[in-house]
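# Per-entry structural report
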Amino acid sequence: RDALNDAQLFDTVEAIIAGMPETTDQEVIDKKKMNDWWNHAPNFRRENIRIATMQAAMGLTDEEVDAIFLAASLVD
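All of these numbers come straight from a predicted model, not from anything done at the bench.

### Description of the nonpolar core
By size, the foremost hydrophobic cluster in this structure holds 17 residues, and its most contacted members are Leu4, Val13 and Trp38. Listed by contribution, the elements that provide at least two residues to this core are α1 (2-6), α2 (10-18), α3 (25-40), α4 (49-58) and α5 (62-73). Those residues in contact with Leu4 that sit more than four places away from it in its chain are Leu9, Phe10, Val13, Trp38 and Ile68.

### Side note on α4
All of the buried residues along α4 are Ile51, Met54, Gln55 and Met58. For α4, the buried positions fall inside an angular range of 105 degrees around the axis, keeping them on one side. Away from its buried face, by an angle of more than 90 degrees, α4 presents the exposed residues Ile49 and Ala56. Against α2, α3 and α5 lie the buried residues of α4. Its side-chain oxygen 2.7 Å from the backbone nitrogen of Arg50, Asn48 forms the N-cap of α4. Taken from the residues just after α4, Gly59 is the one with a positive phi, measuring 70 degrees.

### Focus on the packing of aromatic side chains
With the rule as written, the count across this model stands at three aromatic pairs. Ring plane angle 50 degrees and centroid distance 5.2 Å describe the contact between Phe10 and Trp38, whose orientation is recorded as tilted. Separated by 28 residues along the polypeptide, Phe10 in helix α2 and Trp38 in helix α3 bring together distant segments of the chain. With a relative accessible area of 17%, Phe10 lands in the buried category. Three or more aromatic residues joined by ring pairs form one cluster here, namely Phe10, Trp37, Trp38 and Phe44. Above the ring of Trp38, the side-chain terminus of Arg1 is found at 5.2 Å from the ring centroid.

Conventions adopted
Residues numbered from 1 in each chain as written. Predicted model: local features only at pLDDT ≥ 70, side-chain atom pairs only at ≥ 80, totals over all residues. Heavy atoms only, no water. Core = buried A, V, L, I, M, F, W, Y, C linked by side-chain atoms within 4.5 Å. Buried < 20%, exposed > 50% of the residue type's maximum accessible area, 1.4 Å probe, protein only. Helix = DSSP H or I, 4+ residues; strand = E, 2+ residues; numbered from the N terminus. Contact = heavy atoms within 4.5 Å. Arc of directions from axis to C-beta. Polar contact = N/O pair within 3.5 Å; in protein donor to acceptor, adjacent residues only side chain to side chain. Phe/Tyr/Trp six-rings, centres within 6.5 Å; stacked < 30°, edge-to-face > 60°. Lys NZ or Arg CZ within 6 Å of the ring centre and 35° of its normal.

These figures come from the coordinates and say nothing about function on their own.
Next up, the structure:
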């Protein structure tokens, strides 16, 4: 989260989650799961499908996401 703040992407992630559709029961469940993961995950793993979902939604390249993870690994 610190690395996302440093990259000025934290608010973007929150906006993407807030804007997820809630038209169907499955969409409601998916949004709740994403929100729970975002707010409560103790760690974020690069290979997590939710990372790929956020990456696609933000239009980031693999290299950009890798750089965020590298920066996050250096946070105390």
